[in-house]
Amino acid sequence: MLPIFGKMDTDPAMANFKVLYVLTQLCGLTMIVLMGSWIGVHMGGLGGTGNPSLEFNWHPLLMTIGLIFLYGNAILVYRGLRTLRKKTLKLTHAALHMGAFILTVIALKTVFDSHNLAKDPIPNMYSLHSWLGLSAVLIFSLQYVIGFTAYLVPGAKESFRAALMPLHVYFGLFGFVLAVASACMGITEKAIFSLGSAYSTLPSSAVMVNLCGVLFVVFGGLVVFLATNPAYKRKPLPEDTVLLTGASE
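### Considering the overall build of the protein
Next, step 1: From N to C terminus, the protein includes eight helices and zero strands.
Next, step 2: Helices (α) and strands (β) of the protein occur, in sequence order from the N terminus, as α-α-α-α-α-α-α-α.
Next, step 3: Taking 249 residues into account, the globule formula puts the C-alpha radius of gyration at 18 Å, and the protein, at 20 Å, falls close to it.
Next, step 4: Projected onto its principal axes, the C-alpha positions of the protein cover 60 × 40 × 25 Å.
Next, step 5: Looking at the protein as a whole, 44% of its 249 residues qualify as buried.
Next, step 6: As displayed, the protein has an accessible area near 12700 Å², and 72% of this comes from carbon and sulfur atoms.
Next, step 7: The protein carries 16 positive and 10 negative side-chain charges, and their two centres are separated by 7 Å.

Given below as structure tokens:
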């Protein structure tokens, strides 16, 4: 869980933010635990390339941790850790995105391996889940590269950064929402493949999948609400002027 350091703003709205932020973290951690439990109890656990069906199980677990939980927390960094200096927030934002990117790459490898190495190879990229999922990954990756270049690499003009910021914020949220939607489709697709007609009888495996989907949506909704509510926007600190003036720290 990412802590909220220091004292929150005196604005009464911050009391609500603190509660919702903690709730968001609890929701995110619960969805990871539930996903791991579903994989361990009902999907046979995790495996390597020698067992493609079990290697696949890394895909939903790592995507849940990376492209949903870490991605969502990267979006919330500037509001959840508002008392830190802006340079520190930028580095934390980039580090969380890098962690999400690494896990996402591994997750993609496992799903392609599970298809290509199966006894009867399974076609790749045929489902709506795969199309939207890959779109989310591409948007996320482009966001990371462009954001890193514009906001962390020295030399970019302040006017360019200011003009880019609305697009950076929009596509960051768009990619996150797309990832949540794709995840819901993906676990539903896997449950149908695994359970077949038994899915309609709602066995415990189906209940766990559905609860995971609900937690994805709740976590995603909370992240978007906290990130877009103007009452929760971080107020600049005096130290932030260092980034604009170029003064040494």
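Further notes follow.
### Section: the packing of helix 4 (residues 86-116) against helix 5 (residues 128-151)
Next, step 1: Here helix 4 crosses helix 5 at 150 degrees, and the two axes come no closer than 11 Å. On the basis of their axis angle, the class for helix 4 and helix 5 is roughly antiparallel. Note that helix 4 runs across helix 5; the crossing there is left-handed. Across the interface between the two elements, Lys 90, Ala 94, His 97, Met 98, Ala 100, Phe 101, Thr 104 and Leu 108 of helix 4 pack against Val 137, Phe 140, Ser 141, Tyr 144 and Tyr 151 of helix 5.
Next, step 2: Of the residues assigned to the contact of helix 4 with helix 5, the class counts are nine nonpolar, three polar and one charged.

### Concerning the packing of aromatic side chains
Next, step 1: One pass over the structure, following the stated rule, counts 11 aromatic pairs.
Next, step 2: Aromatic ring contacts, followed pair by pair, group Phe 69, Tyr 71, Phe 140, Phe 176 and Phe 219 into a single cluster.
Next, step 3: Of note, Arg 82 hangs over the ring of Phe 17, and the distance from its end group to the ring centre comes to 5.1 Å.
Next, step 4: The ring centre of Phe 56 lies 4.4 Å from the NZ or CZ of Lys 190, which sits over that ring.

### Considering unusual backbone geometry
Next, step 1: For Met 125, which is not glycine, the phi torsion reads 55 degrees and is therefore positive.
Next, step 2: Summarising the element assignment, Met 125 is placed in the loop between helix 4 and helix 5.
Next, step 3: Residue class for Met 125 comes out partly exposed when judged on its relative accessible area of 32%.
Next, step 4: The phi angle at Leu 202 is positive, at roughly 55 degrees, despite the residue not being glycine.
Next, step 5: Here Leu 202 lies in the loop between helix 6 (158-195) and helix 7 (204-228).
Next, step 6: For Leu 202, a relative accessible area of 47% gives the class partly exposed.

What counts and how
Position labels on residues start from 1 in each chain and follow its written sequence. The predicted nature of this model means local features are confined to residues of pLDDT at least 70 and side-chain atom pairs, given and counted, to a pLDDT of 80 or more, with totals for whole chains, interfaces and linings taken over all residues. Side-chain calculation: all heavy atoms of the structure are included, whereas hydrogens and water are not. Helix and strand assignments come from DSSP, with helices taken as H or I runs of at least 4 residues and strands as E runs of at least 2, each series counted from the N terminus. Taken over C-alpha atoms, the radius of gyration is set against a globule rule of 2.2 Å times the number of residues to the power 0.38. Here the term buried applies to any residue with accessible area under 20% of the maximum for its type, exposed to any over 50%, and partly exposed to those in between, with areas from a 1.4 Å probe on protein chains only. All accessibility values rest on the Shrake-Rupley procedure with a 1.4 Å probe; residue burial counts only the protein chains present in the view. In this charge count, Lys and Arg are treated as positive and Asp and Glu as negative; neither His nor the chain ends contribute. By convention, charge coordinates are those of NZ in Lys, CZ in Arg, CG in Asp, or CD in Glu. Every axis in this analysis is a line fitted to C-alpha atoms, fitted for helices over the stretch in contact. Angles between the N-to-C directions lie between 0 and 180 degrees. By definition in this entry, angles of less than 35 degrees are roughly parallel, angles greater than 145 are roughly antiparallel, angles of 65 to 115 are roughly perpendicular, and the rest are oblique. Crossings are sorted by hand: turned counterclockwise from the far helix by less than a right angle, the near helix makes the crossing left-handed, and turned clockwise it makes it right-handed. Any two residues whose heavy atoms approach within 4.5 Å are treated as being in contact. Under the grouping applied here, Gly and all other residues not named as nonpolar or charged are polar, the nonpolar ones being Ala, Val, Leu, Ile, Met, Phe, Trp, Tyr, Cys and Pro and the charged ones Asp, Glu, Lys and Arg. Here a Phe, Tyr or Trp ring, Trp counted by its six-membered ring, pairs with any other such ring whose centre lies within 6.5 Å, and the pair is stacked when the planes are under 30 degrees apart, edge-to-face when over 60, and tilted otherwise. Cation placement over rings: the criterion is NZ of Lys or CZ of Arg within 6 Å of the ring centroid and within 35° of the ring normal.

None of the figures reported here should be taken as evidence of function without further support.
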